[in-house]
Amino acid sequence: MRAHLNEMRSTESVKKKKKQKKRKTLIPRTLIWGRSGESFWVVMEERREFPAFPYEVYSIQLDFMNALYHSLNKGGVAMLESPTGTGKTLSIICSALQWLLDRKQQQKTQSVSTSNLCGKQEDHLGADDEPDWMRNFVINKDAKSPEKKTKEKRQLGFNKKIDRKGKREIVRDLITNEGGKEEDIEIEKVNNLMAKHEVEGMDEEEFLVEEYESEDENGGQSKRKGGGVSVNSSSEEEKNEDSMEDEEEEARPKIYFCSRTHSQLSQFVKELRKSKFAGEVKVVCLGSRKNFCINQEVLKLGNSTQINERCLELQKNRKKENSKISKTKNIGAVGRARRSKTSSGCPMLKNHKRGKEFRSEVSQQGPVDIEDLVQIGRDLKTCPYYGSRSLVHTADLVVLPYQSLLSKSSRESLGLSLKDSVVIIDEAHNLADSLVSMYDSKITLSQLELVHSHLESYFIRFRNLLGPGNRRYIQIIMVLTRAFLQALGSENCQSSFDSVYNAEGSKSGFDSSMSINEFLFAHNIDNINLFKLLRYIEESNIIHKVCGYGHKLALSEEVSALKNDDKGSHDESALSGFRALVNILLSLTNRDGDGRIIISRTRPKCPKQQGGYLKYVMLTGERIFSEVLNEAHAVILAGGTLQPIEETKERLFPWLPLDQLHLFSCGHIIPPENILPIVVSQGPSRHSFDFSYSARSSSITIQELGLLVSNLVNVVPEGMVIFFSSFDYEGQVYDAWKELGIIGRIMKRKRIFREPRKSTDVEIVLKEYKETIEALSHSSSKQDPGSRNGAILLAIVGGKVSEGINFSDGMGRCIVMVGLPYPSPADIELMERIKHIEGFDTSSGKNTKFQAPTSWYSGDAQAGLDILKSCKHRGKQYYENLCMKAVNQSIGRAIRHINDYAAILLVDTRYTFDSSERSSSHSTNKLPLWIKSRLVSATKNYGELHKLLHQFFKFHKGKEDIE
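Residues numbered from 1 in each chain as written. Predicted model: local features only at pLDDT ≥ 70, side-chain atom pairs only at ≥ 80, totals over all residues. Heavy atoms only, no water.

1. Remarks on the overall build of the chain
Item 1. Scanning the chain for helices and strands turns up 38 helices and 22 strands.
Item 2. When burial is assessed residue by residue, the chain has 50% of its 963 residues classed as buried.
Item 3. Intrachain contacts of the chain at a sequence separation of at least 6 include 78% that bridge at least 24 residues.
Item 4. In the structure as shown, the chain presents an accessible area of about 47300 Å², 48% of it carried by carbon and sulfur atoms. (Helix = DSSP H or I, 4+ residues; strand = E, 2+ residues; numbered from the N terminus. Buried < 20%, exposed > 50% of the residue type's maximum accessible area, 1.4 Å probe, protein only. Contact = heavy atoms within 4.5 Å. Areas by Shrake-Rupley, 256 points an atom, 1.4 Å probe, with all protein chains shown as cover.)

2. Things to note about the sheet that holds strand β5 (residues 283-285)
Item 1. With parallel pairing, the seven strands of this open sheet are ordered in space as β5-β6-β4-β7-β12-β3-β13. The sheet terminates laterally at β5 and β13 (661-665), the two strands that pair on one side only. Sheet twist, expressed as the mean angle between neighbouring strand axes with direction ignored, is 15°.
Item 2. Relative to β13, strand β3 (residues 76-81) runs parallel, the two sharing five bridges. In the sheet register, A78 faces β13, and the bridge partner there is H662.
Item 3. Along the sheet, helix α27 (residues 622-631) makes contact with β3, β7 (422-425) and β12 (634-639), crossing β12 at roughly 120°. (Pairing = 2+ DSSP bridges. Axes fitted to C-alpha atoms, helices over the stretch in contact; angles between N-to-C directions.)

3. Here we look at helix α20 (residues 445-462)
Item 1. With 18 residues, α20 extends 26 Å between its outermost C-alpha atoms, agreeing within 8% with the 26 Å of an ideal straight helix rising 1.5 Å per residue.
Item 2. All of the buried residues in α20 are L445, L448, V451, H452, H454, L455, Y458, F459 and F462. (Expected span 1.5 Å × (residues − 1).)

4. Details of the pairing of strand β11 (residues 613-618)
Item 1. Across the six residues that make up β11, a large majority, six, are buried.
Item 2. Here β11 shows a buried face lined by Y613, K615 and V617 and a second buried face lined by L614, Y616 and M618.
Item 3. The pairing of strand β8 (residues 441-444) with β11 spans four bridges and is classified as antiparallel. When the sheet's bridge partners are listed, S441 is paired in β11 with Y616.

5. Quick word on the pattern of salt bridges
Item 1. Summed over all chains, the structure comprises 25 salt bridges.
Item 2. The partner of D396 in a salt bridge is K104, with the nearest N and O atoms 3.4 Å apart. Here the residue D396 occupies a position in the loop between α16 (384-389) and β6 (397-401), and K104 occupies one in helix α3 (residues 88-125), the gap between them amounting to 292 residues.
Item 3. A residue is classified by how much of its surface remains accessible, and D396, at 11% relative accessible area, is buried.
Item 4. Residue classification places K104 among the partly exposed residues on the basis of a relative accessible area of 23%.
Item 5. In this structure, the salt-bridge partner of R579 is E309, at a minimum N-O distance of 3.5 Å. Residue R579 is found in helix α26 (residues 567-587), and its partner E309 is found in helix α13 (residues 304-330); the two are separated by 270 residues along the sequence.
Item 6. One connected set of salt bridges, linked through shared partners, spans D433, E647, R651 and K885. (Salt bridge = Lys/Arg side-chain N within 4 Å of Asp/Glu carboxyl O.)

6. What to know about unusual backbone geometry
Item 1. The phi dihedral of K381 falls on the positive side, at around 55°, and the residue is not glycine.
Item 2. Residue placement: K381 occurs in the loop between α15 (370-380) and α16.
Item 3. Relative accessible area serves as the criterion here: at 49%, K381 is assigned to the partly exposed category.
Item 4. Backbone geometry places D420, a non-glycine residue, at a positive phi of 60°.
Item 5. Checked against the element boundaries, D420 lands in the loop between α18 (408-414) and β7.

7. Section: the nonpolar core
Item 1. Formed by 191 residues in total, the largest nonpolar core has its most connected members in I425 and F625.
Item 2. The leading source of residues in this core is helix α21 (residues 468-487), at nine residues.
Item 3. In this view, F625 contacts L406, I425, L431, L435, V635, L637, L652 and F653; residues no more than four positions away in its chain are not counted.
Item 4. Within the second largest apolar cluster, 39 residues are counted, among which are V716, I743, L905 and L949. (Core = buried A, V, L, I, M, F, W, Y, C linked by side-chain atoms within 4.5 Å.)

8. Here we look at α21
Item 1. Here α21 is 20 residues long and its end C-alpha atoms lie 29 Å apart, about the 28 Å a rise of 1.5 Å per residue gives.
Item 2. Of the residues trailing α21, G489 is marked for its positive phi of about 70°.

9. Some points on the pairing of β13
Item 1. Counting buried positions along β13 gives five out of five residues, so the element sits mostly inside the fold.
Item 2. By the alternation rule, side chains of β13 split into L661, L663 and S665 and H662 and F664, which are all buried.

10. Remarks on the environment of L705
Item 1. Its location among the elements puts L705 in helix α29 (residues 699-712).
Item 2. Sequence separation of L705 and V733 is 28 residues, and the distance between their C-alpha atoms is 9.0 Å.
Item 3. Apart from the residues within four sequence positions on either side, L705 is in contact with F689, F691, F724, V733, W737, V818 and V907.

11. Quick notes on the packing of aromatic side chains
Item 1. For the coordinates displayed, the defined rule picks out 19 aromatic pairs.
Item 2. Where F484 meets F519, the ring centres are 5.8 Å apart and the plane angle is 35°; that geometry is what we call tilted. Highlighted residues: F484 in helix α21 and F519 in helix α23 (residues 516-522), separated in sequence by 35 residues.
Item 3. With a relative accessible area of 0%, F484 lands in the buried category.
Item 4. Among the aromatic residues, those joined into a ring-pair cluster are F292, Y385 and Y386.
Item 5. The positively charged end of R472 is found above the aromatic ring belonging to Y473, 5.8 Å away from the centroid.
Item 6. Of note, R696 hangs over the ring of Y729, and the distance from its end group to the ring centre comes to 4.9 Å. (Phe/Tyr/Trp six-rings, centres within 6.5 Å; stacked < 30°, edge-to-face > 60°. Lys NZ or Arg CZ within 6 Å of the ring centre and 35° of its normal.)

12. Considering the sheet that holds strand β14 (residues 675-680)
Item 1. Ordered by their spatial adjacency, six strands build an open sheet running β14-β22-β18-β15-β17-β16, and the pairing between neighbours is parallel. Each edge of the open sheet is held by one strand with a lone partner, namely β14 and β16 (750-754). Going from strand to strand, the sheet's axes swing by 15° on average, the running direction of each strand aside.
Item 2. Pairing of β16 with strand β17 (residues 790-796), which is carried by five bridges, proceeds in the parallel orientation. Residue pairing across strands places F753 opposite L793, the latter belonging to β17.
Item 3. On top of the sheet, helix α36 (residues 874-891) reaches β15 (718-724), β18 (814-818) and β22 (902-907); it is set at about 160° to β18, its chief contact.

What follows is the structure, given as structure tokens:
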């Protein structure tokens with residue numbers, strides 16, 4: 001056996017040397033998939049070498065880097081597929097950044113050539129051709145663009161509202177009554193006097209919105225009282241800092257690299273540090289407030305939405321405080337006073353010198369990930385979220401999550417310009433679904449009730465003080481909230497919609513869907529101009545006015561029952577409700593066919609359970625994605641498994657001709673003998689495995705699966721990962737195994753770990769799982785064959801473990817996929833998406849009307865199954881693709897490098913096939929080529945399976961012993 005292995009190694013070494021000699025002469029090729037499934041090769045431009053790659057480069061890595069470099073030169077859209085574990089991330093870094101530096105050098109050369117040409121032309125013309133007044137004219141170097149002038153005006157206080165005259169006089173009188181000289185009064189005293197005055201009853205004035213005139217009357221602008229110019233409260237260093245940032249030239253072109261999770265972005269930065277480019281390009285990593293925040297008072301809120309709202313609220317408070325300081329300066333009270341140390345707002349944003357130190361520190365350290373940025377922020381006591389955003393302007397490479405780049409509002413908020421830049425989207429296998437889900441919006445029944453209550457209270461209190469414009473718009477918002485409450489069957493709001501619902505004969509709790517126009521007409525709100533209303537909400541600041549007044553009521557003696565509540569929670573929940581309302585209204589301005597309104601009247605069975613809700617589900621992503629494509633120089637979709645290519649193309653850029661889409665795919669770097677994929681159609685008792693939705697709960701099937709696993713633990717070394725379709729099914733199986741004593745049998749050989757539902761606990765479980773394997777796999781199992789030899793992790797398809805965790809080496813020697821993890825047919829949003837895709841006509845680019853068997857849902861899966869049965873082509877394919885994409889993501893976690901090895905077991909009779917009769921639509925045809933080519937279609941019995949596994953692990957154990 002040893003001689004045979006040595007011979008194999010010698011042969012492999014000779015082959016490897018031959019490949020290395022041939023490598024320079026190979027012409028890179030790109031595999032293109034045609035519409036009918038045929039394939040052909042496209043020869044690319046010149047072959048390049050990439051010396052920055054820090055390791056010995058493999059042929060497929062070199063091909064991938066050349067394909068990427070060629071795509072960036074060409075521009076447009078490209079889809080590059082390279083299996084997980086092939087060094088894809090490092091290949092992207094070395095190719096893309098080499099292209100970036102080459103492009104910048106090219107631009108620099110062109111700029112120098114242009115300058116020289118202009119200089120020669122000026123010399124040729126000569127100074128004598130110019131009149132004296134022109135030769136003596138000196139250009140004002142300080143001349144500023146209109147944009148800079150506007151910004152400076154804003155810094156000096158132009159276009160900024162000042163307080164009402166009456167309030168200024170009150171403050172002046174108060175100061176005089178205290179007997180002090182105005183210029184000697186400290187800012188704290190002024191604040192205290194103003195606070196004292198507010199307590200005496202004048203504070204409600206701050207909740208009154210300014211007069212607003214409609215578009216027909218005044219262009220839709222607030223009609224402000226008073227006039228003049230106020231002095232901005234910004235310190236001189238703030239203005240100097242802004243000027244400094246303006247003078248810094250923006251880096252172009254940029255590369256934007258985005259991925260799904262923060263952990264994937266951190267991994268990218270770690271790989272970047274390994275290359276020479278770490279010291280040659282400016283890099284910044286962006287993320288969410290939740291991941292960056294270092295203000296413990298805000299961070300303890302936990303929920304991302306609440307953290308965002310609180311962060312924005314603190315900045316609003318800071319602006320208010322600055323406004324107070326500005327006003328006191330205007331009346332001459334504190335001309336020389338400094339900003340109060342106790343002013344409200346986030347303490348991490350007060351010291352602008354520290355913000356400058358933050359930028360300097362990040363620049364010195366080179367590429368840093370989110371964790372590093374957070375630590376720098378903590379050390380300097382300054383906000384890393386806004387600190388990182390301030391570095392975008394001059395960065396060559398911006399690393400950020402999907403949401404920040406693909407959402408137009410997020411791009412505008414972050415100030416991201418895609419013009420002439422490159423966008424690289426990693427893990428793009430579910431890009432279409434991820435993109436449309438960003439534009440979903442939702443408001444719950446409880447949020448609607450709170451918002452409507454706040455609006456009513458506010459309107460009753462201020463209706464006689466409001467101008468006609470404000471009165472009209474607030475009443476319109478109340479009409480809309482009342483209509484939405486009626487749609488959800490609120491006890492206080494009944495409508496004709498109930499008669500439509502009752503005619504369908506549905507149950508008390510149900511889900512339904514409607515188009516935008518159907519929803520608007522059904523609730524008699526089709527005549528409301530939502531565009532003007534949304535502009536009013538944005539310009540009038542009505543949300544904060546109503547929430548502020550509602551918060552005041554919640555803390556008053558009139559509602560003493562709420563006095564013991566957290567003072568901030570009521571205000572924040574109301575603010576979140578208003579934000580949700582605005583998002584729903586914005587969604588209703590989309591085109592009728594772009595999405596659907598989901599109406600859920602589910603009644604909560606317990607206080608913590610979610611009740612009814614309205615949700616807009618975006619169904620089409622091509623218009624959204626076209627905004628990115630039209631602006632960027634090139635967009636690269638990269639991933640380990642991008643199949644099926646046709647589906648992604650049809651959903652994101654159906655208008656793009658196939659010959660303009662650059663596609664590349666390559667095999668895996670591992671040798672064929674390092675992987676053993678097997679279809680397992682029956683268990684040790686010869687019972688067939690059928691994990692379909694209707695049969696998977698069978699006690700016999702669950703028991704047979706337990707017998708299979710309890711046998712596998714005896715032959716599989718180190719770590720095993722078993723993937724289930726859902727947390728609920730995993731819990732059902734685990735409980736049954738425990739009752740049958742199977743858990744005890746498994747635990748004798750391997751310790752069992754379970755993926756937790758809370759994503760924050762995943763890291764802890766994985767750490768224990770890895771430590772257990774490392775400890776037990778090195779124990780003397782030869783002396784005690786019955787001792788533990790590793791661990792098992794029970795994981796969930798689509799969970800955190802299946803998406804971003806690598807099970808290299810001993811952590812994943814065997815991956816078991818239980819069944820085909822189809823999404824639940826009871827998911828109404830999924831069914832709406834399937835209906836949309838089924839009716840999409842690729843020739844016209846339009847969606848034809850798909851006649852579903854039912855438009856009402858009662859919460860069970862049967863209605864969804866009926867829809868799936870009625871689908872003939874695209875909808876059905878999409879549903880199957882969702883399943884196999886999830887399978888491919890999960891089983892691809894095991895092989896992470898060239899010397900890694902693992903067995904992959906596909907446990908379900910539906911995976912079986914006859915190689916001579918397998919159709920293109922069979923599920924196994926959607927497996928990656930490097931797995932499909934080695935797949936064992938079925939075994940006659942468990943004995944044959946056990947034998948194959950025993951030989952596989954014995955062979956690789958022998959190789960490890962030799963090495």
